[in-house]
Each structure stands twice: as C-alpha cells, then as structure tokens.
Amino acid sequence: ISGTLPTELGRMNRLLQLNLAENNFSGTLPTELEQLTTLRSLIIHQTSAFSNGGLTGPLLAFPKLSQLTSLNIESNHLTGTLPDDFLNETKHSQNRIEVKLSDNKLRGTVPSIWANHFDNLFIDLSGNQIEGLPNEWCEKEDWMDASVSEFECEAILCPAGTWNPVGRKTDDTNQCEECSSESSNNTYLGAKECFVGSSSSTKPENSTLSILKEFYYATAGASWIENTGWLQTMDG
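For the structure given in this document, a descriptive report is provided here.

Parameters at a glance
- Residues numbered from 1 in each chain as written.
- Predicted model: local features only at pLDDT ≥ 70, side-chain atom pairs only at ≥ 80, totals over all residues.
- Heavy atoms only, no water.
- Helix = DSSP H or I, 4+ residues; strand = E, 2+ residues; numbered from the N terminus.
- Areas by Shrake-Rupley, 256 points an atom, 1.4 Å probe, with all protein chains shown as cover.
- Phe/Tyr/Trp six-rings, centres within 6.5 Å; stacked < 30°, edge-to-face > 60°.
- Buried < 20%, exposed > 50% of the residue type's maximum accessible area, 1.4 Å probe, protein only.
- Pairing = 2+ DSSP bridges.
- Axes fitted to C-alpha atoms, helices over the stretch in contact; angles between N-to-C directions.
- Salt bridge = Lys/Arg side-chain N within 4 Å of Asp/Glu carboxyl O.
- Contact = heavy atoms within 4.5 Å.

## Some points on the overall build of the protein
Counting its regular elements, the protein contains four helices and 15 strands. Counting only carbon and sulfur atoms, one obtains 45% of the accessible surface of the protein, whose full area is about 12,100 Å².

## Focus: the packing of aromatic side chains
Inspection of every chain in the model, using the stated rule, returns five aromatic pairs. Ring geometry for Phe86 against Trp114: centres 4.7 Å apart, planes inclined by 15 degrees, an arrangement best described as stacked. Highlighted residues: Phe86 in the loop between β7 (77-80) and β8 (96-100) and Trp114 in helix α1 (residues 114-117), separated in sequence by 28 residues. Overall, the relative accessible area of 0% leaves Phe86 in the buried class. Among the residues examined, Trp114 registers a relative accessible area of 0% and is labelled buried. Between Trp114 and Trp137 the ring centres are 5.6 Å apart and the planes differ by 25 degrees, which places this aromatic pair in the stacked class. Of the two residues, Trp114 is situated in helix α1 and Trp137 in helix α2 (residues 135-138); the sequence distance between them amounts to 23 residues. Judged by relative accessible area, which is 0%, Trp137 ranks as buried.

## Side note on the sheet that holds strand β6 (residues 70-72)
With respect to topology, five strands assemble into an open sheet ordered β2-β4-β6-β8-β10, the strand pairing being parallel. Pairing within the sheet leaves two strands with one partner each, and these edge strands are β2 (17-19) and β10 (120-124). Each neighbouring strand pair of the sheet contributes to a mean axis angle of 10 degrees, computed without reference to strand direction. In the sheet, β2 pairs with strand β4 (residues 41-43) via three bridges, with the strands oriented parallel. Its bridge partner lying in β4, Leu18 is registered against Leu42.

## A few points about the pattern of salt bridges
Per the counting criterion, the structure on display carries five salt bridges. When the shortest N-O distance is used, the salt bridge between Asp145 and Arg96 registers 2.9 Å. Of the two residues, Asp145 is situated in the loop between α2 and α3 (148-151) and Arg96 in strand β8; the sequence distance between them amounts to 49 residues. Residues Asp124 and Arg168 are paired through a salt bridge, measuring 3.5 Å at the closest nitrogen-oxygen approach. Placement of Asp124 in strand β10 and of Arg168 in the loop between β12 (162-163) and β13 (177-178) is noted, with a sequence separation of 44 residues between them.

## Regarding the side chain of Arg168
Taking the relative accessible area as the measure of exposure, Arg168 reaches 12% and is therefore buried. Setting aside anything within four residues of it in sequence, one finds Arg168 in contact with Phe122, Asp124, Met144, Glu154, Ala155, Ile156, Leu157, Cys158, Asn174 and Cys176.

## Quick look at the environment of Cys176
Tracing the backbone through its elements, the reader meets Cys176 in the loop between β12 and β13. Taking relative accessible area as the criterion, Cys176 reaches 14% and is therefore assigned buried. When the C-alpha atoms of Cys176 and Ala160 are compared, they prove to be 9.8 Å apart, with 16 residues separating the residues in sequence. Those residues in contact with Cys176, other than ones at most four positions away along the chain, are Glu154, Cys158, Pro159, Thr162, Trp163, Asn164, Arg168 and Lys169.

Quick look at the structure:
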C-alpha cells in the first residue's frame, strides 16, 4: 500500500491495535492519530526495500494515548527532535513500554524528562542522528530489559565513533566496536556501521556476517540451543 495515511483514522476511537507495517507510505504522521485514546499498539514500520518511501516530518508526542505500550515507526524518514511530552499521560509508566524508532533521521540530544515518565522503557533509537544521552537515561536500571543496570549508556546507544549491528550493547559478546580513526566519520550515537566521508559508508567486516550478527542479537541468539558459529567468519 502506498500514499499518505488518511486523517479518517482518527475516527476509529475504539481501536486497540493498528498495524500498517511493511508498506510504502509517504507524507507525515496525521495528528488525528493522537485522538486514538484507547490504542495499545501502533505499528507503521516500513520495509527497507522501498528506498524512496517513508513517513516524513516530526514524531508526534501522542500525549493522550494513555494506553499505548507498543510503538514501532522504524525505517522511515522522521526528522526533528524527540518531543518532551511524549506519552506524558501514560497510565503504564510502571509497565514495560516498547518504542522502536530506529533508522529514521531524528536528531539532537534526547529529552532528560523522559526519565521521569517511564520506569520500564525499551527504546531503539539506533541509526538516527542522536548526539547525546542525558545521565538520567543512563541511570534507569530497569530500562532496556534491565541491561542499563549492567551496561549503562551503551545499553541504549553505542557512543559516537563506535558501532555494532544493532547500535547498542546487548551482552558481553556484542560490544560497541571502535571504527577506524583514519576513515571513520561516525559523529552520532547508535551507529550500525562505520561511515566514511559525508555520503558513503562501509561495514568494517563482511556484510553477510554483519547481517547474521544483527539477526543473532535481535532474536536473543545467546539463549538459542544451537548458537555457535553465528559471530565468526568461515576462517574463524
């Protein structure tokens, strides 16, 4: 499905779940989505195969979506900064809330006030243009499925000048690796590759291996019954 999201979606005021994933939408997020006050799950992530598609404009704050616990708008072209009042009327501040915004064009330093809104947040901001994390985020030990208690800021985003396939440290086998100082232009947090120059980029290792690593970490490969060989090349 292509085209813009219809404003009439805002009339579905008893909707619990809205899944419009893997399409080729364009245009901005209609503000009428903020009228869906019963919504629990909103999924509009795009398929990466459509290089010209993707939602644009700012991320809505969704302040009235007090029941929302799952939001996925990955792989679009959202721009601007994260809103201070994002989900600030949530009724689930003590429950797990999952927010996936990776691979957009969001920028700046993330709002420190979010640390006051959420006790158990899982947020993926990798692959954006994020320039800073406040200390308050890195002290939220229950965030990122409690991995912040062990890895602090790196559990949320890898530091500038480093990378890994998912843009953050998930365990001791998935470190944020330094890019080559001679060629790297990684100035943002949460990089999934090492950028060279201003427009081109390259993976610092075999691209197939990088894809397998991303799959491994995204699906908790460390807990698989058979999980050997996914993190190494054929020659070891």
